[in-house]
Amino acid sequence: MNDVCALILAAGDGKRMKSKYPKVLCRVLERPMIQWVLESVRQAGMEHICVITGRGGDLVRESCEGCSFAEQAERLGTGHAAAQGIGFLREHPGDVLVLCGDAPFIDAGTIERAHVLHTKTASAVTVITASLDDPTGYGRIVRRGEEIAAIVEQSDATETERAIKEVNSGAYWFDGAFLIEALGRLTPQNAQGEYYLTDTVKIAVEEGRRVSGYLSQNPDVILGANSRQGLYALTEIARRKVIEDHMENGVEFVSLDGVLIAPGVKIGPDTRILPGTILLGDTVIGEDCVIGPQSRIENSVIGSGSTINACQIYDSKVGEGVKMGPFVHIRPNSVILDKVKIGDFVEIKNSQIGEGTKVPHLTYVGDSDVGKGVNFGCGCVTVNYDGRVKSRTTVGDHAFIGCNTNLIAPVKVGDGAYTAAGSTITEDVPDGAMAIARSRQENKAGYAEKKLKK
């Protein structure tokens, strides 16, 4: 694939989506549609990619790192969009793959196999096609033997042609020199007054050039979305496919209600996924875990045998045999080591929690290094910010942090040390010591009785 390039048509403005963002940035499984397309192109080994943008082009550029770009200032059809990339095509002679940025289910296998057919047959154009039980609304593929004789739109098709099940996906391989020439010959002689990329097929046939059709084994390559309803349908297809793949690999799903797993997430066998679980990004879940209900995990690693109940975990690592939740928030850059227990209403941020440590409830641990076997009482806080800088707290192995302790960073609690309940610790606590930082209790006799009488 070193001598080929790709044009991705991404100038749709998203008006029918009722969105202020370009259409290709509308999301399927929390990922912009164009990123699905880019991933498949790159998986097929292609490096030279040009994205044709329209309104909101800057946003598309931000989403398409490593690509070249050309702008379609006016919406004058798919042929006109492709023509904006002619400068790029001249810089990258060879075969050209043309794809729609809003058809997210094109796959690398289809791209590669279609190119094998394209080169083997020395075709000017190879159309990637799909076979549908209901082809209504799609351009029909009219073949003459093994070659394509025409692509006929639904409105122009005869009854015989409408019965054809094979349809145009909108994805093509072109001989690069032919594409440049053909784009220069397109005319807007149609009801829409637009330049159609499909007219290149007609030009090739008229010149006696070969037009091949690769029938994809993946019928979903045809699918795109023009509305929020269509976008939801794409997401549901992708969601089900990802879940079914995990089932094949030994993952158990109690119910699919509210379950959303992004492509690329890895889950070990015998893990149970409960309702309301959302797994995104580069997340890896080990074996024999229970995830959910109502948990969201992004770009994080969860070790085998861990239970994650009603938790939010971002950009962090959780060890094996951890029990966490409900209502736990693990913020980025946190490392939770093996056999830790984190209970309800606990927040951990940019901290390491040592093996076997317990943080049972109503506690905030931020910018801290906590040893093994530590116990936090209820309502503890590491006070890491003084309004100007953030500082770290260190808690040694087997320390005991009493209820409602405030640890004012930077501060260190030594190995086996204790803090008394209700203390505000501002100085280091030596190993094995107990720190008490609170005023002595004073009882005022009769005070409450006098107050109640008033």
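Remember, it's a predicted structure, so these values are computed and weren't measured experimentally.

## Focus on the packing of aromatic side chains
Next, step 1: Applying the stated rule across the entire model yields four aromatic pairs.
Next, step 2: Seen in terms of ring centroids, Tyr-172 and Phe-174 are 5.6 Å apart; in terms of plane orientation they differ by 35°. Their pairing is tilted. Pair check on accessibility: Tyr-172 and Phe-174 agree, each one buried.

## A few points about the sheet that holds strand β23 (residues 317-318)
Next, step 1: What the nine strands build is an open sheet, ordered β14-β17-β20-β23-β26-β29-β32-β35-β38; its pairing is parallel. Both edges of this open sheet fall to β14 (266-267) and β38 (411-413), since each of them pairs with a single strand only.

## What to know about the UniProt feature "active site" (unreviewed entry) in the chain
Next, step 1: Residues annotated by UniProt as "active site" (unreviewed entry) correspond here to His-361.
Next, step 2: Take His-361: it is sitting in the loop between β30 (358-359) and β31 (363-366).
Next, step 3: Taking relative accessible area as the criterion, His-361 reaches 31% and is therefore assigned partly exposed.
Next, step 4: With sequence-adjacent residues up to four places away left out, His-361 is seen in contact with Asp-344, Phe-345, Val-346, Gly-377, Cys-378 and Gly-379.

## A word on the packing of helix α7 (residues 176-185) against helix α8 (residues 199-206)
Next, step 1: Packing of α7 against α8 brings their axes to within 10 Å, and their N-to-C directions diverge by 110°. With respect to their mutual orientation, α7 and α8 come out roughly perpendicular. Residues Phe-178, Ala-182 and Arg-185 of α7 form the contact with α8, whose own contacting residues are Thr-200, Ile-203 and Ala-204.
Next, step 2: Along the lines of polarity and charge, the residues of the contact of α7 with α8 split into four nonpolar, one polar and one charged.

## Quick word on unusual backbone geometry
Next, step 1: Pro-293 follows Gly-292 through a cis peptide bond whose omega is 0°.
Next, step 2: Relative to the elements of secondary structure, Pro-293 occurs in the loop between β18 (290-291) and β19 (296-298).
Next, step 3: The step from Gly-325 to Pro-326 runs through a cis peptide bond, and the omega angle for that step is 5°.
Next, step 4: With respect to the helices, strands and loops of the structure, Pro-326 is situated in the loop between β24 (323-324) and β25 (328-330).
Next, step 5: Despite not being glycine, Asn-350 has its phi angle at roughly 50°, a positive value.
Next, step 6: One non-glycine residue with positive phi stands out, namely Asp-367, at about 50°.
Next, step 7: Within the secondary structure layout, Asp-367 lies in the loop between β31 and β32 (368-370).

Conventions and cut-offs
Residues numbered from 1 in each chain as written. Predicted model: local features only at pLDDT ≥ 70, side-chain atom pairs only at ≥ 80, totals over all residues. Heavy atoms only, no water. Phe/Tyr/Trp six-rings, centres within 6.5 Å; stacked < 30°, edge-to-face > 60°. Buried < 20%, exposed > 50% of the residue type's maximum accessible area, 1.4 Å probe, protein only. Pairing = 2+ DSSP bridges. Helix = DSSP H or I, 4+ residues; strand = E, 2+ residues; numbered from the N terminus. UniProt positions renumbered as here; feature names shortened; annotations may be inferred. Contact = heavy atoms within 4.5 Å. Axes fitted to C-alpha atoms, helices over the stretch in contact; angles between N-to-C directions. Parallel < 35°, antiparallel > 145°, perpendicular 65-115°, else oblique. Nonpolar A, V, L, I, M, F, W, Y, C, P; charged D, E, K, R; others polar.

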